Amino acid sequence: MQNKGAIKTFAILFAIICLYQLSFTFVTSRVESKARAFATSERVHQEAKTLANGDAVRERYVFDSLAKEYEEDYLDSVGNNVVYNILVQKYTYKQCKEHEINLGLDLRGGMNVVMEVSTSDVVYALAGYSSDSLFNKVMEQAIATNKTTPNSNFVTIFGETWNKIDPNAQMAAIFSYEMASVNTNSTNSEVVEAIRKETTSAYDRTYQVLRQRIDKFGVAQPNIQKLQQTERILIELPGIKDPQRVRKLLQGAAQLEFWATYEFSDVAQNLSDANDYLASYLKMKGDDSTLVNLTDTTAKADNTEDKLAQQLAAGVDSTKTDDGQLTQEQWREKNPLFAVLMPYLGEGDQGRKGPVVGYAMAKDMAKVDRYMEVAKTKFPRQIRFVWSAKPLPGSDIYQLIALKVTTRDNRAPLDGGAITDARQDFGQHGDVEVSMTMNAEGAKVWKNMTAANIGHSIAVVLDNYAYSWPTVNTEISGGQSQISGNFTIEEGQDLANILKAGKLPAPARIVQEAVVGPSLGQQAISAGFMSFVLAFIMVLLYMTFFYSTAGLVANVALLANVFFLFGVLASLGAVLTLPGIAGIVLTMGMAVDANVIIYERVKEELRAGKGVRLAIADGYKHAYSAIIDGNATTLITGIVLYIFGSGPIQGFATTLCIGILTSLFCAIFISRMIFIWLLEKDKNIMFDTKITRNFLANTHIDFIGARKYSYVIAIVLSIISITSLATRGLSLGIDFSGGRTYTVRFDQDVKTDDVRAALTAAFGGEAPEVKTMGSSDQVKISTKYRVGDVGQNVEAEMDHALYEHCKGFYKEEISEDEFTKSDNSKLLGLLSSELVGPTIATDITRSAFLAVAIALLFIFLYIAVRFKHWQYGWGGLVSLAHDALITLGAFSLFYGVLPFSLDIDQAFIAAILTIIGYSINDTVIIFDRLREYIGLYPKRELKQTMNDAINSTLSRTVNTTGTVLVVLIMIFLFGGDVIRGFTFALLFGVLIGVYSSVFIASPIAYDITMRKNKKAAKENK
């Protein structure tokens, strides 16, 4: 082998670099093992036992909580300690964590969200929230069009819609007031371009705001990146234990506003008038079903110990009118508003001063809002109602605040744009507050505003919730102020972070979300590691059994390949996901393919009478072409997957692509150097055993002659698949249909029908899809209920509804906190959840079809160019289409029949593309041998030449398929429920792919070539 010294030097340096990169993972693992040992010591057990007071069940939960707390405290305490010395460089634990292999959220738990910037809201703001009828009509149509057009640009749609409705109308008349770059002479195209620049800037600023918020949130190894084509932002937060807090932090638009307020005495009579009006209105309507469809408010007084809650629930009239003798039902009928909103009583000497007009229980807030909307004519035009941000301590009762609108545009006189700095602080009495500093303009407005409201309250409103409403005692100048509102320290820090990072220039909402509990992540690690180890052992045994000494050499190369693969992943900072582990395991099976090709060529040379040294040299030389062509086509599919996939699919593609490159290096160079070393040591090298010596060595099967039968089989399978697809269809996962999925584990076996029936009420009467996932105590729940709803509290409300209707299926009582966080030792509760919005689902569907089409096109072009015959490319393309169709048909036929999920999702698309890459690999090996034989025997009939090519590569086909199947079976059996459907697709697809390579691709290439030759012969006569 030429340049042996250079290759050896490169291999050694490569190994050193990989060892260096992996060493950080070993160091952090050692430190974390010490932390776990400290957190689970006997002292902690004793402390848990003391706190549990002899309750064994409670003791488990207390111990888990203490252990996690102590482990985190231990790691925090050593964060800045030097834990790794290498040469002259020293690394702290935190620095080592930054260099370790980055595990994906599905392996360690956490949260993954995709946020979409609301460009339409930016355009509204740039138009000054114009009331112009043409502008609003254009906006309505543009928003509707944007929802149904994937990957569209809203500004472009806005401009096109404007020109369709009224091309002669001047946009400048709408936008010139708010946009300095637009004047009255600007053309519509110039205005659209100016809007485009502003919205792009808003998107960039939103990204920066979100990055600052995430950086201040204190998450280890967060990831935030722009998805430029769709104006979306991807955020990955590993280890998150409170998703609701994250949603609030990310989606909080920080729309801080300062409002003047009404006093209760100013609106007391209005409340009474509104109550009387609603009584008449509802009596005329018959009931209030036309207003709301909420839970009945006639709760019993003993539902809560809180005196105020008892008054609200019982419907006691605080004003003590003559209605006291009425029955509760009669009183409610006469006082519908006061039945759900208790008027403010006031406290102490203050009497009824202040902007609080009433109290309502959380479940009645929506009804109060609707009542207020119906009776709005009974209130001053300048009034606006908002709820308090937090309930009264120890209750679920919220306060209703009356704001006074004092501006002509109905907006707050002062907003958060004036805030230049904010921090969490403590007041004079030790209560948590947020201190703010305003800019010069804001300080001026604040001074005038406080001067005009001395003796009255100013409400501090954030995102339409009142955080505080302090009474102004004196004029405040200088721009310094504080927000107080019964905050915890954590809430105060979050609010200060939001304000300091800045107001979001464009509202951003979560359109895709995945939450994985740490318990499920630990399961995934265990299952993935188990399948990896077993598959690795099986491949080593297979190669040793079949190729004897050469098999041992291949095993050493395989070990080196895995080492290099993990080293490269660590060096690149790539994220290792569960599909990524599947990619590594699959790469192991495919990595031996190069060795099999080489060894089969060496065996041919040995059978031709050559010595071992020459046979090895010629075997490697003749195998290079087939190895490169086969791996190049698989690499194409990996690259397409990486470009068009997202999240876990990109992780799979990354490991697949890296694995292909490292396996090529190890199979071609590492194994060759080992053979050279063995030859120099005069070692006896065997390429077979007695059992496998002549395995498929002299076959003479007429594959081309049997092509009519293979065509019939292919057509029958295709018809069955198409029929099933047309009648049964496919079980679409939420990636393509949109919706939410939840993985829930119980402490006993449950029936899916019972769970489905219970959850139908929770999801607005829409029956969810409930499937057993693995064991009978674990289910996967899918629903489209409220999938289009946006807002900070939607997910929390969904989680709560899920808990309320699932808790009855547990033998032992489980609290909502234990259910939603799933951190207890029994690994119960909501293990994972996922949200895919409608627009995301549309984009994923489009990208999936595009990915498959592009992969097929590039493979066709590669084969056509590489083998200089488009017929070969067409044969390969038809066989790949056959593979995809039959695999789809199998998923259509067997979903709901087999005891695991066969949903069509992004993982399935990854499987299809992997099958395509593997199948074409087989086809290319045959075509490569055919090209060689045509060069050697140009006068031989094409039929015989093609049969000889297929027969001569048959041993390689069987052995490569055998190693891949062994690997896939291990993943299928031990890789966990999450990727069982994915593995089934690969198993089925590999078998179909082998069949199509031999019985479809080659015969089609033969028939087309013969037809072309006959046509050319006729033309030459």
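Model, not experiment: these values are computed from the prediction.

Let's talk about the side chain of Glu-100
Within the secondary structure layout, Glu-100 lies in the loop between helix H4 (93–99) and strand S3 (102–103). A distance of 2.7 Å separates polar atoms of two side chains, one belonging to Glu-100 and the other to Thr-28.

Quick notes on the packing of helix H21 (residues 612–644) against helix H30 (residues 906–936)
Contact geometry of H21 with H30 gives a least axis separation of 8 Å together with a crossing angle of 160°. It follows that H21 is roughly antiparallel to H30 by the angle criterion. Along this stretch, H21 crosses H30, giving a crossing that reads as right-handed. Touching Ser-625, Ala-626, Asp-629, Gly-630, Thr-633, Thr-634, Thr-637, Val-640 and Leu-641 of H21 are Ala-910, Leu-913, Thr-914, Ile-916, Gly-917, Ile-920, Asn-921, Val-924, Ile-925, Asp-928 and Arg-931, all from H30. Here the contact of H21 with H30 is built from residues that sort into nine nonpolar, eight polar and three charged.

Regarding the packing of aromatic side chains
Summed over all chains, the structure comprises 37 aromatic pairs. When the centroid spacing of 5.7 Å and the interplanar angle of 45° are considered together, the rings of Phe-665 and Phe-669 count as tilted. Of the two residues, Phe-665 and Phe-669 are both situated in helix H22 (residues 648–680); the distance of four residues between them amounts to about one turn of the helix. What makes Phe-665 buried here is its relative accessible area of 13%. Phe-669 gets classed as partly exposed once you look at its relative accessible area, which sits at 29%. A ring pair is formed by Phe-746 and Tyr-810, whose centres lie 5.0 Å apart and whose planes are at 45°; its orientation type is tilted. Of this pair, Phe-746 sits in the loop between strand S20 (739–745) and helix H25 (752–762) while Tyr-810 sits in the loop between helix H26 (794–806) and helix H27 (816–821), and the two are 64 residues apart along the sequence. Classification of Tyr-810 by relative accessible area gives buried; the value is 7%. Grouped by ring-pair contacts, the aromatic residues Tyr-542, Phe-545, Phe-546, Tyr-547, Tyr-599, Tyr-620, Phe-675, Phe-687 and Phe-695 constitute a single cluster. Here Lys-404 stacks its cationic end above the ring of Tyr-262, 5.0 Å away from the centre of that ring. Sitting over the face of the ring of Phe-972, Arg-980 holds its NZ or CZ atom 5.8 Å from the ring centroid.

So, empty space enclosed by the protein
Evaluated as defined, the whole model comprises six cavities of 30 Å³ or more. Estimated volume of the largest cavity: approximately 100 Å³. Sorting the residues of the lining of the largest cavity by element identifies helix H20 (578–607), H21 and H30 as the ones contributing at least two each.

A short note on the pattern of salt bridges
For the structure on display, the rule yields 22 salt bridges. One salt bridge connects Glu-932 with Arg-601, and the closest N-O pair in it is separated by 3.0 Å. Here Glu-932, found in helix H30, pairs with Arg-601, found in helix H20; they are 331 residues apart in sequence, far enough to count as distant. Owing to a relative accessible area of 25%, Glu-932 belongs among the partly exposed residues under this scheme. By relative accessible area, Arg-601 is classed as buried at 5%. Each of Arg-601, Glu-604, Arg-929 and Glu-932 takes part in salt bridges that share partners, so that together they form one network.

Re the sheet that holds strand S13 (residues 419–426)
By definition, the strands of a sheet pair up through backbone hydrogen bonds, in either a parallel or an antiparallel sense. Pairing is antiparallel across the open sheet formed by three strands, whose spatial order is S13-S14-S17. Because the sheet does not close on itself, it has two edges, and the strands there are S13 and strand S17 (480–484). For this sheet, the mean angle separating the axes of adjacent strands, direction not counted, is 25°. As paired strands, strand S14 (residues 432–438) and S17 are joined by five bridges and run antiparallel to one another. Across the sheet, residue Thr-437 finds its bridge partner in S17, namely Gln-480. Sheet strands in contact with helix H17 (residues 440–452) are S14 and S17, and its direction is about 115° off that of S14.

With respect to a nonpolar patch on the surface
A grouping of Val-712, Val-716, Ile-720, Leu-893, Phe-894 and Val-897 is seen on the molecular surface, where their side chains present a nonpolar patch of about 490 Å² in accessible area. Counting residues per element, the ones that place at least two in the nonpolar patch are helix H23 (707–727) and helix H29 (870–894). Residue contributions to the nonpolar patch peak at three residues, all from H23. Summarising the element assignment, Ile-720 is placed in helix H23.

Examining helix H2 (residues 42–52)
Where H2 is concerned, the buried positions are Val-44, Ala-48 and Ala-52. In a view along the axis of H2, the buried residues occupy a sector of 70°, so they form one face of it. Counted as exposed and oriented over 90 degrees from the buried face of H2: Glu-42 and Thr-50. Asn-53 sits one or two residues past H2 and shows a positive phi near 55°.

Let's talk about H21
The terminal C-alpha atoms of H21 lie 47 Å apart, and with 33 residues this matches the ideal 48 Å at 1.5 Å per residue to within 8%. A bend of about 40° at Ala-623 is the largest found in H21.

Things to note about the environment of Lys-378
With respect to the helices and strands, the residue Lys-378 is situated in the loop between helix H16 (365–374) and strand S10 (383–388). Take Lys-378: its relative accessible area is 32%, and that puts it in the partly exposed class. Excluding residues within four positions of it along the chain, Lys-378 makes contact with Asn-270, Asp-273, Ala-274 and Tyr-277.

Some points on the environment of Lys-390
In this fold, Lys-390 is placed in the loop between S10 and strand S11 (397–404). On a C-alpha basis, the gap between Lys-390 and Ala-466 in space is 8.6 Å, while along the polypeptide they are 76 residues apart.

Thoughts on the side chain of Thr-28
Counting through the fold element by element, Thr-28 comes out in helix H1 (residues 4–39). If sequence neighbours within four positions are ignored, Thr-28 has contacts with Tyr-93, Cys-96, Lys-97 and Glu-100.

About the cut-offs
Residues numbered from 1 in each chain as written. Predicted model: local features only at pLDDT ≥ 70, side-chain atom pairs only at ≥ 80, totals over all residues. Heavy atoms only, no water. Helix = DSSP H or I, 4+ residues; strand = E, 2+ residues; numbered from the N terminus. Polar contact = N/O pair within 3.5 Å; in protein donor to acceptor, adjacent residues only side chain to side chain. Axes fitted to C-alpha atoms, helices over the stretch in contact; angles between N-to-C directions. Parallel < 35°, antiparallel > 145°, perpendicular 65-115°, else oblique. Left-handed = near helix turned anticlockwise from the far one by under 90°. Contact = heavy atoms within 4.5 Å. Nonpolar A, V, L, I, M, F, W, Y, C, P; charged D, E, K, R; others polar. Phe/Tyr/Trp six-rings, centres within 6.5 Å; stacked < 30°, edge-to-face > 60°. Buried < 20%, exposed > 50% of the residue type's maximum accessible area, 1.4 Å probe, protein only. Lys NZ or Arg CZ within 6 Å of the ring centre and 35° of its normal. 1 Å grid on protein atoms, 1.4 Å probe; cavity = no way out; pocket = protein on both sides within 12 Å on 5 of 7 lines; lining within 4 Å. Points joined across faces, edges and corners; volume = space filled by probe spheres on them. Salt bridge = Lys/Arg side-chain N within 4 Å of Asp/Glu carboxyl O. Pairing = 2+ DSSP bridges. Patch = residues over 30% accessible without salt bridge, like charges linked within 9 Å, V, L, I, M, F, W, Y side chains within 5 Å. Areas by Shrake-Rupley, 256 points an atom, 1.4 Å probe, with all protein chains shown as cover. Arc of directions from axis to C-beta. Expected span 1.5 Å × (residues − 1). Bend = angle between axes of the 7 residues up to and from the residue.

Any functional reading would require information beyond the geometric quantities listed.
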